[in-house]
Amino acid sequence: MHTDQILVFDADDTLWENNVLFERAIDGFLDWVATPAERDRTRAVLDAIEAANSAALGYGAAVFRQSLADCLQQLNGGRTPTSAEQARIDDLLTPLNSRQVELIPGVAATLAALADRHHLLLLTKGDQDEQRRKVAESTIDHHFRGVHIVAEKSVDTYRQLTAELGLAPDRTWMIGNSPKSDIAPARRAGLRTVFIPHEHTWVLEHQDLGPDEATLQLGAFPELLRHF
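Residues numbered from 1 in each chain as written. Predicted model: local features only at pLDDT ≥ 70, side-chain atom pairs only at ≥ 80, totals over all residues. Heavy atoms only, no water.

Turning our eyes to something else, we now look at the overall build of the chain. Scanning the chain from terminus to terminus reveals nine helices and six strands. The C-alpha radius of gyration computed for the chain amounts to 19 Å, which stays within 12% of the reference 17 Å derived for 228 residues, consistent with globular compactness. On the principal axes, the C-alpha backbone points of the chain span a range of 60 × 35 × 30 Å. Among the 228 residues that make up the chain, the fraction classed as buried is 49%. Counting only contacts in the chain whose residues sit at least 6 apart along the sequence, the fraction spanning at least 24 positions is 69%. Carbon together with sulfur atoms contributes 49% to the accessible area of the chain, which is approximately 10900 Å² in total. Separation between the mean location of the 22 positive side-chain charges and that of the 34 negative ones in the chain comes to 2 Å. (Helix = DSSP H or I, 4+ residues; strand = E, 2+ residues; numbered from the N terminus. Rg over C-alpha atoms; globule rule 2.2 N^0.38 Å. Buried < 20%, exposed > 50% of the residue type's maximum accessible area, 1.4 Å probe, protein only. Contact = heavy atoms within 4.5 Å. Areas by Shrake-Rupley, 256 points an atom, 1.4 Å probe, with all protein chains shown as cover. Lys, Arg positive; Asp, Glu negative; His and termini not counted. Charge placed at Lys NZ, Arg CZ, Asp CG, Glu CD.)

Take a look at the structure:
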C-alpha cells in the first residue's frame, strides 16, 4: 500500500454521474429529429458539431444547447430554429440544469478513507460556474485540499499543476475515466495514473491506451482502497 501519495481526481463520470444525462438528452433529440434509419447518421452530425463547438467554446450545458441548435439548423438546411423548437431543446436540457449531483456508488466512503492518509486534489474541466455548482452540491468537496477547474486538460495543464503546487510527479496519481483527458496527457506529463472506465464516457473522450505499467486500471471506484 502506498503512503502519503498525492491523489488527483477527475470529477464528471469519475466522482458523479454526468454524461449519462447528456446521452439521455441526445436520445430524446434523435427521437424527435431523426427516423430510425437516419439515427446513426444524425448522431454523427451532432458528434462533429459537438467536437467543433467544444474546441471553440468549451464544455457544459450551454455549449451543448448550442450544439443541439446548430445540429437542428443543419438538418433543416440552414433554417434557424424557431422559438418553439428552441423551447423543445430547452425541455430536453431540464435534467442538466435542475438536478442534484448523483455520486457514483462507493465514492463518498472511499474518499473519506483516502483523505485520512493521502493528499487529495480535484481537477475538472468545463464551465467555471457550472463545475463549481456541482462541486458544492456534491457534499464531498471538504475532502479535497484544492479544487482546480480548467478549460482543458492537456499535458501543459498537468505540468503547470505539479509546478505550481510543488508536486513530485512520481508520487502524484491522476485518477479518472477519460483516456483522452485524464490518462494520456497526465502520463505524458510524468504523472502516474489510475483509469476507472465508465460505460457512459463521452465519445469525444475515447482514446486507445497502449500497455503502460504506470497506469493502474480498476473496475470500480472503491477498489482504490486496495492500492492506496
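Once the structure has been displayed, the description carries forward.
Summed over all chains, the structure comprises five aromatic pairs. Relative to F221, the ring of F9 lies with its centre 5.8 Å away and its plane at 40 degrees, an arrangement referred to as tilted. Of the two residues, F9 sits in strand β1 (residues 6–9) while F221 sits in the loop between β6 (215–217) and α9 (224–227), which places them 212 residues apart along the sequence. Under the relative-accessibility criterion, F9 is labelled buried at 0%. Classification of F221 as buried rests on a relative accessible area of 3%. Look at W173 and F228: their rings are 5.0 Å apart centre to centre, the planes differ by 80 degrees, and that puts the pair in the edge-to-face class. In this pair, W173 sits in strand β4 (residues 172–176) while F228 sits in the segment after α9, placing the two residues 55 residues apart along the sequence. On the basis of relative accessible area, F228 is assigned to the buried category, the value being 0%. (Phe/Tyr/Trp six-rings, centres within 6.5 Å; stacked < 30°, edge-to-face > 60°.)

Where helix α1 (residues 19–33) contacts helix α2 (residues 39–57), the two axes come as close as 10 Å, and the packing angle between them is 130 degrees. It follows from the interaxial angle that α1 and α2 lie oblique. In this structure, α1 meets α2 at a crossing whose hand is right-handed. Contacts from E23, I26, D27, F29, L30, D31 and V33 of α1 reach α2 at R39, T42, R43, L46 and E50. Its residues assigned to classes, the contact of α1 with α2 shows five nonpolar, one polar and six charged. (Axes fitted to C-alpha atoms, helices over the stretch in contact; angles between N-to-C directions. Parallel < 35°, antiparallel > 145°, perpendicular 65-115°, else oblique. Left-handed = near helix turned anticlockwise from the far one by under 90°. Nonpolar A, V, L, I, M, F, W, Y, C, P; charged D, E, K, R; others polar.)

Our next topic: empty space enclosed by the protein. One pass over the structure, following the stated rule, counts two cavities of 30 Å³ or more. Quantified by volume, the largest cavity comes out at close to 450 Å³. As for the largest cavity, its lining consists of 30 residues, and the residues nearest its centre are D12, N18, Y59, K125 and W202. Those elements giving two or more residues to the lining of the largest cavity turn out to be α1, α2, α3 (61–75), β2 (119–125), α6 (128–137) and α8 (179–188). A total of four residues in the lining of the largest cavity trace back to one element, the largest contributor, which is α1. When grouped by side-chain class, the residues that make up the lining of the largest cavity number six nonpolar, 13 polar and eleven charged. (1 Å grid on protein atoms, 1.4 Å probe; cavity = no way out; pocket = protein on both sides within 12 Å on 5 of 7 lines; lining within 4 Å. Points joined across faces, edges and corners; volume = space filled by probe spheres on them.)

The next thing to look at is the environment of D208. Within the secondary structure, D208 is located in the loop between β5 (192–195) and β6. When the C-alpha atoms of D208 and Q100 are compared, they prove to be 32 Å apart, with 108 residues separating the residues in sequence.

Let us now look at unusual backbone geometry. Here D13, not a glycine, exhibits a phi torsion of approximately 65 degrees, which is positive. Among the structural elements, D13 can be located in the loop between β1 and α1. You can call D13 buried: its relative accessible area is 6%. Backbone geometry at T139 places phi at a positive 70 degrees, although glycine is not the residue there. Its place among the elements puts T139 in the loop between α6 and β3 (146–150). On the accessibility criterion, T139 (56% relative accessible area) is exposed.

Pairing is parallel across the open sheet formed by six strands, whose spatial order is β3-β2-β1-β4-β5-β6. Where the open sheet ends on each side, the last strands, each with one partner, are β3 and β6. Across the sheet, the mean angle from the axis of one strand to that of its neighbour is 20 degrees, orientation sign disregarded. In the packing of α8 onto the sheet, the strands contacted are β2, β4, β5 and β6, and the crossing angle to β5 comes to about 155 degrees. (Pairing = 2+ DSSP bridges.)

Keep in mind these values describe shape, not function.
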